[in-house]
Amino acid sequence: MTSTNTLEENINMLQQYVEYFPDFPKPGILYKDILSLLNHSDGIKLLEKILKQISDQLRGKVDCIAMLETRGFIFAPILALELNVPCIPVSKKGNLPGPVIEMSYILEYGEDILTVQLNSITKGQKIFIVDDFLATGGTLEAASKLIEKAGGEIVQGLVLMEKLELEGRKRLNFPMISLMSE
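As annotated in an unreviewed UniProt entry, the protein is Adenine phosphoribosyltransferase from Macrosiphum euphorbiae. Quoted verbatim from the Catalytic activity (unreviewed entry) heading of the UniProt record, the comment on the protein is "AMP + diphosphate = 5-phospho-alpha-D-ribose 1-diphosphate + adenine". The record held by UniProt for the protein lists under Pathway (unreviewed entry) the comment "Purine metabolism; AMP biosynthesis via salvage pathway; AMP from adenine: step 1/1."

Below, the structure is given as structure tokens:
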């Protein structure tokens, strides 16, 4: 892993840290665990390098990073530090103190509510949104609508893994970067 690798080469190298679990969460499903890269210091360093390369493309284009609970909380601060911008937590109802704005949304298996702290977003702020996984797009769609309701503008998003067959990207009105897909 040299500093001369391109972003695409580094993303391809990230594949080696993905672990596969057959019949999880139910029989017939082959689960690809991207978070297994956290079990390897080289995997963490590689992801950090990739996030820094993405930061270079974002420099001057974003005012803050929105991080979706909980796995987005792991990766978003690396981008924020590199860009010298703040992180905004987007969390489930009841997890953020102080005044919050709420957005309810429908899941495959029910309904949930996302919140963001009222004072965390200023009108017109350009926001880059980060989560770990894009499946049906419901959570990212709800988070983006919540951020827009609070006055922010989503300029782009990032996920570590995208399940292409579910076409969640179609629900989003902003460009997405997916490091890996299945």
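From this point, things continue past the structure.
## Brief notes about the state of the cysteines
Joining two cysteines, a disulfide is a covalent bond between their sulfur atoms. For the structure shown, the criterion picks out 0 disulfides. The cysteine Cys-64 is free of any disulfide, with Cys-87 supplying the nearest cysteine sulfur at 8.4 Å. Looking at Cys-87, the relative accessible area reads 26%, which means it is partly exposed.

## Focus: unusual backbone geometry
Residues apart from glycine generally show negative phi values, whereas peptide bonds are mostly found in trans. Of the consecutive residues Phe-24 and Pro-25, the connecting peptide bond is found in the cis state with omega at 5 degrees. Omega for the peptide link from Glu-69 to Thr-70 comes to -15 degrees, which places this bond in the cis form. By the secondary structure assignment, Thr-70 is in the loop between β3 (64-68) and α3 (72-83). The phi torsion at Asp-23 lies on the positive side, around 60 degrees, for a residue other than glycine. On the secondary structure map, Asp-23 appears in the loop between β1 (19-22) and β2 (30-33). Here Glu-167, not a glycine, exhibits a phi torsion of approximately 55 degrees, which is positive.

## Describing helix α1 (residues 7-14)
Among the residues of α1, those classed as buried are Leu-7, Asn-10, Ile-11 and Leu-14. Relative to the axis of α1, the buried residues are bounded by an arc of 100 degrees and lie together on one face. Each element contacted by the buried residues of α1 is listed here: α2 (41-58) and β9 (176-181).

## Focus on the packing of α1 against α2
Two elements in contact, α1 and α2, have axes whose closest approach is 10 Å; the angle formed by their N-to-C orientations is 150 degrees. The orientation of α1 with respect to α2, classified from their angle, is roughly antiparallel. Helix-helix and strand crossings are classified by hand; for α1 and α2 the assignment is left-handed. Facing Leu-7, Asn-10, Ile-11, Met-13 and Leu-14 of α1, the residues of α2 in contact are Gly-43, Leu-46, Leu-47, Lys-49, Ile-50, Gln-53, Ile-54 and Gln-57. Considering only residue class, the contact of α1 with α2 consists of 8 nonpolar, 4 polar and 1 charged.

## Observations regarding the packing of α2 against α3
Orientation of α2 relative to α3, taken along the N-to-C sense of each, is 50 degrees, at an axis distance of 9 Å. Considering the angle they form, α2 stands oblique to α3. Between α2 and α3 the crossing geometry is right-handed. Only Phe-75, Ile-78, Leu-79, Glu-82 and Leu-83 of α3 make contact with α2, whose side of the interface consists of Leu-47, Glu-48, Leu-51, Lys-52, Ile-54, Ser-55 and Leu-58.

## A closer look at the sheet that holds strand β6 (residues 110-117)
Strand order in this open sheet of 7 strands is β5-β6-β4-β3-β7-β8-β9, and the pairing throughout is mixed. Two strands lie at the open edges of the sheet, namely β5 (100-107) and β9, each paired on one side alone. On average, each strand axis in the sheet is tilted by 20 degrees relative to the strand beside it, whichever way the strands run. In this structure, strand β4 (residues 87-92) lies alongside β6, joined through 2 bridges in antiparallel fashion. In the sheet register, Lys-92 faces β6, and the bridge partner there is Leu-114. Contacts from helix α4 (residues 138-149) reach β3, β4, β5, β6, β7 (126-134), β8 (153-162) and β9 within the one sheet, and its direction differs from that of β5 by about 155 degrees.

Analysis parameters
- Residues numbered from 1 in each chain as written.
- Predicted model: local features only at pLDDT ≥ 70, side-chain atom pairs only at ≥ 80, totals over all residues.
- Heavy atoms only, no water.
- UniProt positions renumbered as here; feature names shortened; annotations may be inferred.
- Disulfide = S-S within 2.5 Å.
- Buried < 20%, exposed > 50% of the residue type's maximum accessible area, 1.4 Å probe, protein only.
- Helix = DSSP H or I, 4+ residues; strand = E, 2+ residues; numbered from the N terminus.
- Arc of directions from axis to C-beta.
- Contact = heavy atoms within 4.5 Å.
- Axes fitted to C-alpha atoms, helices over the stretch in contact; angles between N-to-C directions.
- Parallel < 35°, antiparallel > 145°, perpendicular 65-115°, else oblique.
- Left-handed = near helix turned anticlockwise from the far one by under 90°.
- Nonpolar A, V, L, I, M, F, W, Y, C, P; charged D, E, K, R; others polar.
- Pairing = 2+ DSSP bridges.

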